[in-house]
Amino acid sequence: MATTGQEYDSMAKKASPPSKKAKDLFCAFTIGGLICTFGQALSWLYTRVGLSEDEVKAAVPVTLIVITAVLTGLGVFDRIAKHAGAGTIVPITGFANSIVSPAMEFQAEGRVLGTGAKLFSIAGPVIAYGTFAAVIYGLIAYIFKLY
Amino acid sequence: MAVRQGRYTLNLTTRPSIIGNAAVVGKTEGEGPLKSEFDHIYSDDTLGEISFEKAESALQREAVIRALDKAGKTPAEVDFILAGDLLNQCIGTSFGLRELNIPFLGMYGACSTMSLSLGLASVLVDTKAANVAVASTSSHFCSAERQFRQPLEYGGQRPPTAQRTATAAGASVVAASVTDKPCVEAVTFGRIMDLGVKDANNMGAAMAPAAAQTIADFLHDTGTTPQAYDLILTGDLGIVGTKLLKELLQKDYGFDLADRHADCGLLLYDTKKQDVHAGGSGCGCAGSVFNSYILRRVTAGELKRVVLVATGALMSQTSSLQGESIPAIAHAVLVSAPQTAL
C-alpha cells in the first residue's frame, strides 16, 4: 500500500540526522561567552582611558560592530558563525553581520535597489518588532508608573 | 521512432546517441572525488565575471561549447538546445546561450533538468524532428544561495539534512545513432509527487518519493527489476533522500535497489571531508556527474545500462514562505553502452 503523508513524515524524521545539540550548545556558549567577555574587557579599557559611562555604552557596541563588519567583509565571520550559531547571532555581532552581508551581496543590483533596499532584508524584522516591543513596554511602564 | 511502452515510458527505437558531452565545475567540486573526470575546473567561482548570475551563464556556455567541440559540431548545425537552471526565469541559461543562435527550448525541472532536457532532446532526435539536439543545465552555489537562502557572508548554521548546490554545468549532444557512442534507449517522464515535506532544508526527503515513483513506473513499464541495470543513478537525493528512496521502493513498490544505486550528490563530493552536509544538489550536480564520470564509464563499456533519474524540488521561496509543501519530480533516461563496447 502506498505510503501516506503521515507515515512518510515519520519515515523522513527517522532518516534525517538531528543537529548535534550538545556540541552546538557548547560552541554557542563558549564563543558567545568569549564575545561578551571581550565586550566587558573593552568596557574596562574605555573606562580606564577616561570615557564617561554613556560614552562607554556607545563605544563598546560600535567597536564590536566595526570588528564584525570587517570580519564579514573578509569572509571570516560566516566561518566562525558556522560553529558558533547563536553564540555569534545573539550578541550585537549577529545584528551587524545581518546588515553587512546583504549590503555586500546585493551590490550587483545597484546602490539604491540593491544595497539600499536589501540592507535590512534580514535585520528589518528585528528592528520592526524590536521597536514594537519597546512601544508596548513603554506603555506598560507609563500606565503602571514603573519608571 | 518513439513508441509508448507501458503507461509512462517511451521506447526510443532508433537509439539516438550522445555524440558529445562535457562537464565544467567550480573549485569545491573540483576538489571532490571526481576531480580528474571534469573537462575543466574553475579555480575562481566568479569565472572572472561581475556577478554570480553571469558566472553561471558562462559556466553553462562553456559546457555547451566544449560538448559541441567534442561532438565535432558547430552551433549552426544544432537544431534545438533544451536547457534550464534554477534561477528565476532561467536567466543562467538564456543569458549564457543567447550568443549561440540555436533554436532554444527553455526547460524548468529544477534539479531534474538534466534528465528532462536529455530525455526530450532524445525524443526529438528519435522522431527525426531534430538531427542534432543539445541538452544542458547548470547551477551555481553562490547564485542559488542568494536567490533561495541567505547572503553568502551571513553567519548562520545549516542543519545536517541541508545540501550544497553544486557550481557545475553539464551538456550532452544528441544525434542519430552511431555505433561507438552511448545511446538513449528509453525515457520515462515523471509525475509530480508530494508527500507533504515542507522543510526546504531537507530536499532529499522531499524528492525521494518522486524518484521512487518514476523508477517504479520505468521498471513496471519495461517489465524489469533494478538488477537488469548496472546503475540507477539519482540526481541529488543526498544521504537522507537515498535512504528514503530505498525504503519507499521496497515498501510501496516491492523493488530492492540493493547495490545498483548511486546518487550524483554523493559522488560529486566527499561528504566526510567536504563541508556539504547531506551531499550535493542543484541542476549541475546530475548534469556534471552524468556528463563526465558516468558517460566515460558507459562509453568504455564498464557500465552497460544506466538509468539516470535526476530529481527536482518544484518549490519557490514564495511557496515556502506561504507554508506550502514541496512538490517534486523525477524523470528517467535509460542510457546504454555503445555497440562497439558490448
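The rules behind these values
Along every chain, residues carry numbers that run from 1 in the direction the sequence is written. Here chains are named by letter from A upward and ligands by number from 1 upward, in the order in which they appear as written. Per-residue local features of the predicted model are confined to residues with pLDDT of at least 70, and side-chain atom pairs are confined, for both listing and counting, to 80 or more; whole-chain, interface and lining totals are unaffected and use all residues. Computation of side-chain values: all heavy atoms of the structure, hydrogens and water removed. Secondary structure counts use DSSP, requiring at least four H or I residues in a row for a helix and at least two E residues in a row for a strand, with both numbered from the N terminus. Note that the radius of gyration is over C-alpha atoms, with the globule rule given as 2.2 Å times the number of residues to the power 0.38. Buried residues are those whose accessible area, probed at 1.4 Å on protein chains only, stays under 20% of the maximum for their type, while exposed residues exceed 50% and partly exposed ones sit between those limits. For accessible areas, the Shrake-Rupley method is used with a probe of radius 1.4 Å. Any residue's cover is judged against the shown protein chains and nothing else. For the purpose of charge, His is not counted, nor are the chain termini; Lys and Arg are scored as positive and Asp and Glu as negative. The location of each charge is read from NZ of Lys, CZ of Arg, CG of Asp or CD of Glu. A carboxyl oxygen of Asp or Glu within 4 Å of a side-chain nitrogen of Lys or Arg is what we treat as a salt bridge. By definition, the arc is the one covered by directions from the helix axis to the C-beta atoms. Any pair of residues with heavy atoms lying within 4.5 Å of one another is described as a contacting pair. The criterion for an aromatic pair is that two Phe, Tyr or Trp rings (for Trp, the six-membered ring) have centres within 6.5 Å, with stacked assigned to planes under 30 degrees apart, edge-to-face to planes over 60 apart and tilted to the rest. Charges are assigned to positions over rings by a cutoff of 6 Å between ring centre and Lys NZ or Arg CZ, combined with an angular limit of 35 degrees from the ring normal. Using a 1.4 Å probe, buried area is obtained as the accessible area two parts lose upon being combined, added over both of them. Both cavities and pockets are sets of points on a 1 Å grid over the protein atoms alone; in a cavity a 1.4 Å probe fits but cannot get out, in a pocket the set is open with protein on both sides within 12 Å along at least five of seven lines, and lining residues sit with an atom within 4 Å of a point. Grid points are joined across faces, edges and corners, and a volume is the space filled by probe spheres set on the points. Residues are sorted three ways: Asp, Glu, Lys and Arg are charged, Ala, Val, Leu, Ile, Met, Phe, Trp, Tyr, Cys and Pro are nonpolar, and all the rest, Gly among them, are polar. An automatic or database domain assignment is the source of the domain bounds shown. Nine residue types can take part in a nonpolar core, namely buried Ala, Val, Leu, Ile, Met, Phe, Trp, Tyr and Cys, and a core is a set of them joined through side-chain atoms within 4.5 Å. Distance and chemistry together define a polar contact, namely a pair of N or O atoms within 3.5 Å, with one atom able to donate a hydrogen and the other to accept it when in protein, and with adjacent residues in sequence counting only for side-chain atoms on both sides. Axis definition: a line fit to C-alpha positions, over the contact stretch in the case of helices; interaxial angles, taken between N-to-C directions, run 0 to 180 degrees. Here the word oblique covers every angle except those under 35 degrees (roughly parallel), over 145 (roughly antiparallel) and from 65 to 115 (roughly perpendicular).

1. Looking at the overall build of chain B
Secondary structure assignment for chain B yields ten helices and 15 strands. Computed over C-alpha atoms, the radius of gyration of chain B comes to 18 Å, within 12% of the 20 Å expected from 2.2 N^0.38 for 342 residues, which places it in the range of a compact globule. Counting all 342 residues of chain B, 62% fall into the buried class. Working note: accessible area of chain B is about 12,000 Å², and carbon and sulfur atoms make up 51% of it. A gap of 3 Å separates the mean positions of the 29 positive and 35 negative side-chain charges of chain B.

2. Some details on the overall build of chain A
Scanning chain A for helices and strands turns up eight helices and zero strands. Counting helices and strands in the order they occur from the N terminus, chain A gives α-α-α-α-α-α-α-α. In summary, chain A has a C-alpha radius of gyration of 21 Å against a globular reference of 15 Å for 147 residues, an excess of more than 25%. When the backbone C-alpha atoms are referred to their principal axes, chain A occupies close to 75 × 45 × 40 Å. Within the span of chain A, comprising 147 residues, buried residues form 31% of the whole.

3. So, the pattern of salt bridges
A full pass over the atoms with the stated rule returns 23 salt bridges over all chains. For A:E109, the salt bridge identified is with B:R146, shortest N-O distance 3.0 Å. Placement of the pair is A:E109 in the loop between α6 (92-105) and α7 (111-118) and B:R146 in helix α5 (residues 141-148), with the two residues belonging to separate chains. A relative accessible area of 39% means that A:E109 is categorised as partly exposed. The partner of B:E145 in a salt bridge is B:R149, and the shortest N-O contact between them spans 2.8 Å.

4. Focus on helix α1 (residues 5-15) of chain A
By the burial criterion, the buried members of α1(A) are A:Y8, A:M11, A:A12 and A:A15. End-on, the buried residues of α1(A) take up no more than an arc of 100°, which puts them together on one face. Opposite the buried face of α1(A), by more than 90 degrees, sit the exposed residues A:Q6, A:K13 and A:K14. The secondary structure elements touched by the buried residues of α1(A) are α6 (203-222) and α7 (238-253) of chain B.

5. Looking at unusual backbone geometry
Residues and elements named next belong to chain B. Positive phi outside glycine occurs at Q89, with the angle close to 60°. Its location among the elements puts Q89 in the loop between β5 (80-84) and α3 (91-97). Using a relative accessible area of 72% as the deciding quantity, one classes Q89 as exposed.

6. What to know about the packing of aromatic side chains
Applying the stated rule across the entire model yields one aromatic pair over all chains. A centroid spacing of 5.5 Å and a plane angle of 50° characterise the contact between B:F218 and B:Y229, whose relative ring orientation is tilted. Here B:Y229 lies in the loop between α6 and β11 (231-234) and B:F218 lies in helix α6, a separation of eleven residues in the sequence. Summarising the burial analysis for this pair, B:F218 and B:Y229 share the class buried. Over the ring of A:Y142 we find A:K145, and its NZ or CZ is 5.8 Å from the ring centre.

7. Points about the interface of chain B and chain A
Each partner contributes to the interface: chain B provides 28 residues, whereas chain A provides 36 residues. For the chain B and chain A pair, buried surface summed over both sides reaches about 2,500 Å², with 56% attributable to carbon and sulfur atoms. For chain B, the biggest contributors to the area lost against chain A are B:R146, B:E153 and B:Q157; these three give 28% of the whole. Across the contact surface, chain B and chain A share four salt bridges.

8. Considerations on the layout of surface pockets
Computed from the structure, the second largest pocket encloses a volume of approximately 670 Å³. Lining the second largest pocket are 22 residues, and of these A:K20, A:K23, B:R158, B:P160 and B:H277 sit closest to its centre. Looking at the lining of the second largest pocket, the elements that each hand over two or more residues are α2 (21-48) and α4 (77-84) of chain A. The dominant element in the lining of the second largest pocket, judged by the number of residues it contributes, is α2(A), at three residues. Taken together, the residues that form the lining of the second largest pocket break down as eight nonpolar, six polar and eight charged. Of the residues that make up the lining of the second largest pocket, three or more belong to each of domain 1 (14-175) and domain 2 (183-337) of chain B.

9. What to know about the nonpolar core
All names here are of chain B. Of all hydrophobic cores here, the largest spans 46 residues; its most connected members are L118, L233, F290, I294 and V335. With eight residues, the top contributor of residues to this core is helix α9 (residues 283-299). Residues in contact with I294, not counting those within four places in the same chain, are L231, L233, L267, V289, L303 and V306. M203, L219, Y229 and V307 belong to the second-largest nonpolar core, a separate cluster that totals 40 residues.

10. Describing the domain arrangement of chain B
Residue and element names in this part refer to chain B. Partitioning chain B into domains gives domain 1 (14-175) and domain 2 (183-337). Counting residues at the interface gives 53 residues for domain 1 and 51 residues for domain 2. Between domain 1 and domain 2 the total buried area reaches about 4,000 Å² when both faces are included, carbon and sulfur atoms providing 61% of it. On the domain 1 side of the interface with domain 2, the three residues burying the most area are E37, C111 and Q163, jointly 17% of the side's total. Scanning the region where domain 1 abuts domain 2 turns up two salt bridges. With a shortest N-O distance of 3.8 Å, R15 and E185 are connected by a salt bridge. For the pair domain 1 and domain 2, the number of links is 23 residue pairs in polar contact (both at pLDDT 80 or more). Broken down by element, the residue count for the side of domain 1 that touches domain 2 peaks at nine residues, all from helix α4 (residues 113-126). Looking at the side of domain 1 that touches domain 2, its residues break down into 25 nonpolar, 20 polar and eight charged.

11. Description of the packing of α2(A) against α4(A)
Two numbers describe a pair of packed helices, the interaxial angle and the distance between the axes. Residues and elements named next belong to chain A. Their axes nearest at 8 Å, the elements α2 and α4 cross at an angle of 130°. Put simply, α2 runs oblique to α4. Two secondary-structure elements touch here, α2 through C27, A28 and I31 and α4 through I80, H83 and A84.

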